[in-house]
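Notes for the structure review
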Amino acid sequence: MNVIKNVNHIGIAVNSIETALPFYTETLGLTFEAVEHVASQRVRVAFISAGNCKLELLEPTSPDSPVAKFIEKRGEGIHHIALGVDNIEERIQQMIEKGIPMIDNQSRAGAGGANIAFVHPKASKGVLVEFCEKAATQHDS
Ligand code: CMX
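Residues numbered from 1 in each chain as written. Predicted model: local features only at pLDDT ≥ 70, side-chain atom pairs only at ≥ 80, totals over all residues. Heavy atoms only, no water.

**Regarding the site of the ligand**
Close to the ligand lie 18 residues, the nearest being Q41, K69, R74, H79 and G126. Contact between the ligand and E56: an oxygen atom at 3.2 Å from a side-chain N or O atom of the residue. A distance of 2.9 Å separates an oxygen atom of the ligand from a polar atom in the side chain of R74. About the coverage of the ligand: the protein hides 70% of its 960 Å² of free accessible area. Contributions of two or more residues to the shell around the ligand are made by β4 (53-60), α2 (66-74) and β5 (77-85). Of all the elements, α2 adds the most residues to the shell around the ligand, at 6 residues. Counted by class, the shell around the ligand contains 8 nonpolar, 4 polar and 6 charged residues. (Near = heavy atom within 4 Å. Polar contact = N/O pair within 3.5 Å; in protein donor to acceptor, adjacent residues only side chain to side chain. Areas by Shrake-Rupley, 256 points an atom, 1.4 Å probe, with all protein chains shown as cover. Helix = DSSP H or I, 4+ residues; strand = E, 2+ residues; numbered from the N terminus. Nonpolar A, V, L, I, M, F, W, Y, C, P; charged D, E, K, R; others polar.)

Below, the structure written as structure tokens:
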């Protein structure tokens, strides 16, 4: 059974949303949707619609934000891939039962009203994977 619904969004770490956004909107012609402050992650997030998927620009709001640490170590660029799922707690339990290292052993609130949980990048050859469960009306693709 395929339990992954889609690539919901791709997270891109940037120093400044204001500086990064014009490439996506003016140059590529994608549609800017909204900016949101996710205090728990110490990031500002800009959603951009890209057809069936979204791009999520992530700007750190504090030097101890995971995104600030990422940029310091690896520079701006692709930060995570978010896979759309239903029943996120079940998906997390499946991973734990398979011995997959999870950053989150239970879901938490993320941007756009979603419930999210991260798989550790050491499980996936260096790619930070996010499970993302959204209500149908919230920033859904
Ligand atoms: N993608 C791939 N690898 C990553 C990574 C990322 N986004 N972030 C960190 N890493 C790697 C580091 O390069 C490092 O690798 P090496 O050991 O080979 O050097 C390793 O993970 C450990 O990194 P670190 O800098 O020491 O940082 P921490 O261990 O403190 O944290 C991580 C790493 C992934 C556990 C942490 O960033 C985390 O919990 N991330 C999930 C939360 C998050 O990213 N929130 C921001 C977005 C929120 C949102 O979308 O709403």
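**Looking at the sheet that holds strand β7 (residues 115-119)**
Taken together, the 8 strands give an open sheet; going across it, the order is β2-β3-β4-β1-β5-β8-β7-β6, and neighbouring strands pair in mixed fashion. Because the sheet does not close on itself, it has two edges, and the strands there are β2 (31-38) and β6 (108-109). By the bridge criterion, 8 bridges tie strand β3 (residues 43-50) to β4 in an arrangement that is antiparallel. Following the sheet pairing, V43 is matched in β4 by P60. (Pairing = 2+ DSSP bridges.)

**Some thoughts on the side chain of S107**
Summarising the element assignment, S107 is placed in the loop between α3 (88-97) and β6. Residue S107 is classed as buried on the basis of its relative accessible area of 16%. In terms of polar contacts, S107 uses its side chain to reach the side chain of E89, at 2.5 Å. Apart from residues no more than four positions distant in its own chain, S107 is found in contact with I88, E89, I92, N115, I116 and A117. (Buried < 20%, exposed > 50% of the residue type's maximum accessible area, 1.4 Å probe, protein only. Contact = heavy atoms within 4.5 Å.)

**Considering α2**
Taken residue by residue, α2 has V67, A68, F70 and I71 as its buried positions. Buried residues of α2, viewed axially, fall in a sector of 160°; they line one side. Residues of α2 that are exposed and point over 90 degrees away from its buried face: K69, E72 and K73. Where α2 is buried, its residues meet β1 (4-13), β3, β4 and β5. G75 sits one or two positions beyond α2 and adopts a positive phi of about 85°. (Arc of directions from axis to C-beta.)

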